[in-house]
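Summary of the model geometry
One letter stands for each residue in the lines below.
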Amino acid sequence: MSALPQAAARTGAARAYPLPARPAVAPPPRLRVVGAPAQARSRVPFVLACMAVLGGALLAALLLNTQMASLAFERYELSNELGRLRQDRMDLVAQHDARSSPTQLAAEARSLGMVEANGTGWLRLADGSVQGAPAPAGG
């Protein structure tokens, strides 16, 4: 028994038209179009680009190092100047303290023609009275 009558029996009716014939598949052609062989790429541009990047990096490092050395020298000079200024300030403070001593002030006052007061007095502004025992300076 064949499978065809059973398939027709299952669908209930035979086909009224024949199935279209499938075209025969043609074998692929043996000849085909090929492109020209690719030229080998030159490595010269890549090597030049790498050398340019390396040269730029070396130049940048040189400039950075030079700038850092210059700033270090400037920092050293400013540090020395700051030390000199601190020493000058300490010397001036010591001179000021020496000239502000009571004995030095009295000697300077005598050299200007001043005399010591014999007594001390205060004027009270609220009522205009004189406090203490002021006396005229002898001279």
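Residues numbered from 1 in each chain as written. Predicted model: local features only at pLDDT ≥ 70, side-chain atom pairs only at ≥ 80, totals over all residues. Heavy atoms only, no water.

**Overview of the overall build of the chain**
- The helix and strand inventory of the chain stands at three helices and two strands.
- Counted from the first residue to the last, the chain has its helices and strands arranged as α-α-α-β-β.
- Out of the 139 residues in the chain, the part that is buried amounts to 1%. (Helix = DSSP H or I, 4+ residues; strand = E, 2+ residues; numbered from the N terminus. Buried < 20%, exposed > 50% of the residue type's maximum accessible area, 1.4 Å probe, protein only.)

**As for a nonpolar patch on the surface**
- On the surface, V44, F46, V47, L48 and M51 cluster together into a nonpolar patch covering about 530 Å² of accessible area.
- Position of L48 among the secondary structure elements: in helix α2 (residues 44–99). (Patch = residues over 30% accessible without salt bridge, like charges linked within 9 Å, V, L, I, M, F, W, Y side chains within 5 Å. Areas by Shrake-Rupley, 256 points an atom, 1.4 Å probe, with all protein chains shown as cover. Salt bridge = Lys/Arg side-chain N within 4 Å of Asp/Glu carboxyl O.)

**A short note on the confidence of the model for the chain**
- Residues with a pLDDT of 70 or more make up 88% of the chain, whose mean pLDDT is 86.
- Here helix α1 (residues 3–11) is the element of the chain with the lowest mean pLDDT, 55, and α2 is the one with the highest, 97. (pLDDT = per-residue confidence, 0-100.)

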